[in-house]
Amino acid sequence: MTHPIRVLGIDPGLRRTGWGMIEVIGNRLIFIASGTVTSDNKLGLAERLVQLHDGLSEIVRKQEPMEAAVEHTFVNKDAGATLKLGQARGIALLVPALAGLSVAEYAPNLVKKTVVGTGHAEKEQIRAMVKILMPRAVFDTDDAADALAIAICHAHHRGSATGRMAQAGAA
């Protein structure tokens, strides 16, 4: 019998960091929970990062994941926004690592290709496919839906060469 694996997917963002918890039993995906950790944009950067850290730490403590997966940062035209996203992503990598979890990283196009079938899928397509793959899934934001997609991507690739590279930070 295959043992269940609890996977935490994280979609990092400074304003909203989505998270999604699934359980993987063989090829079966079971929705556990999802949500969004927010930071107060009236605070300074350091305080906002603390809010993300504390929120994700609470999720890890309550949900007890066994593995985590985080989406890679994409670079956009606004260098300042990219740097802030990178700092939020650092928190998303740090929290599960501090809890002793292996943390895999996946490119946004690989997540979309795995879940939807095309690497340039729209948010609506991701939401729809997450609901098809896990009909009981509920999510309050696109960020939470994306986090569930990241967890699904990890569930699909975790035993493959792609998954091993992702866990090594190379995918």
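Everything quoted here is computed from the prediction, not taken from an experiment.

On to helix α3 (residues 108-115). Side chains three or four residues apart in an α-helix point the same way, a direct result of the helix having 3.6 residues per turn. When α3 is considered as a whole, its buried residues turn out to be P108, V111 and V115. Projection of α3 onto a plane perpendicular to its axis shows the buried side chains occupying an angular sector of 65 degrees, all on one side. The inward-facing, buried residues of α3 abut β4 (67-71), β5 (102-106), α4 (123-133) and α5 (142-157).

Moving on: the UniProt feature "binding site: Mg(2+) 2" (unreviewed entry) in the protein. In the UniProt entry, the feature "binding site: Mg(2+) 2" (unreviewed entry) is given for E71. Among the structural elements, E71 can be located in strand β4. The exposure class assigned to E71 is buried, which follows from its relative accessible area of 12%. Apart from the residues lying within four places of it in its own chain, the contact partners of E71 are I10, D11, P12, R89, Y106, P108, V111 and I150.

With numbering matched to this structure, UniProt assigns "binding site: Mg(2+) 1" (unreviewed entry) to D11 and D143. A maximum C-alpha distance of 6.1 Å among these annotated residues, which run over 133 residues, shows that they cluster at one spot. Lining of the largest pocket among the annotated residues: D11 and D143. With respect to the helices, strands and loops of the structure, D11 is situated in strand β1 (residues 5-11). With sequence-adjacent residues up to four places away left out, D11 is seen in contact with R16, T17, G18, E71, D143, D146, A147 and I150.

Taking burial as the measure, the five residues of β5 include four buried ones, the bulk of the element. With five bridges connecting them, β4 and β5 associate as parallel partners. Bridge pairing in β5 places A68 opposite V103.

Right, let's get into the pairing of strand β2 (residues 16-25). Of all ten residues that make up β2, eight are buried, and the element is covered over most of its length. Summarising the sheet, β1 and β2 pair through seven bridges and their orientation is antiparallel. For V7, the partnering residue across the bridge sits in β2 and is I22. Two elements, β2 and strand β3 (residues 28-38), share ten bridges in a ladder whose sense is antiparallel.

Moving on, we get to the environment of H53. Summarising the element assignment, H53 is placed in helix α1 (residues 45-63). Exposure remark for H53: the relative accessible area of 25% places this residue in the partly exposed category. Taking the C-alpha atoms as reference points, H53 and V95, separated by 42 residues in sequence, lie 6.6 Å from one another. Excluding residues that lie within four positions of it along the chain, H53 makes contacts with I91, V95 and L98.

Conventions and cut-offs
- The numbers attached to residues start from 1 for each chain and follow its sequence in the written order.
- In keeping with the predicted nature of the model, local features appear solely for residues at pLDDT of at least 70, side-chain atom pairs appear and are counted solely at 80 or more, and the whole-chain, interface and lining totals rest on all residues.
- With hydrogens and water stripped out, all remaining heavy atoms of the structure feed into the side-chain values.
- Relative accessible area decides the class of each residue, using a 1.4 Å probe on protein chains only: under 20% of the type maximum gives buried, over 50% gives exposed, and in between gives partly exposed.
- Helix numbering and strand numbering both begin at the N terminus, where a helix is a DSSP run of H or I of at least 4 residues and a strand a DSSP run of E of at least 2.
- The directions from the helix axis to the C-beta atoms are what the arc is built from.
- Any two residues whose heavy atoms approach within 4.5 Å are treated as being in contact.
- UniProt positions are given in the numbering used here, feature names are shortened, and annotations may be inferred rather than shown by experiment.
- Space inside and on the surface of the protein is sampled on a 1 Å grid over the protein atoms alone, with a cavity defined as a set of points where a 1.4 Å probe fits but cannot get out and a pocket as an open set with protein on both sides within 12 Å along at least 5 of 7 lines; lining residues have an atom within 4 Å of a point.
- A strand pair is defined by DSSP finding two or more bridges across the two strands.

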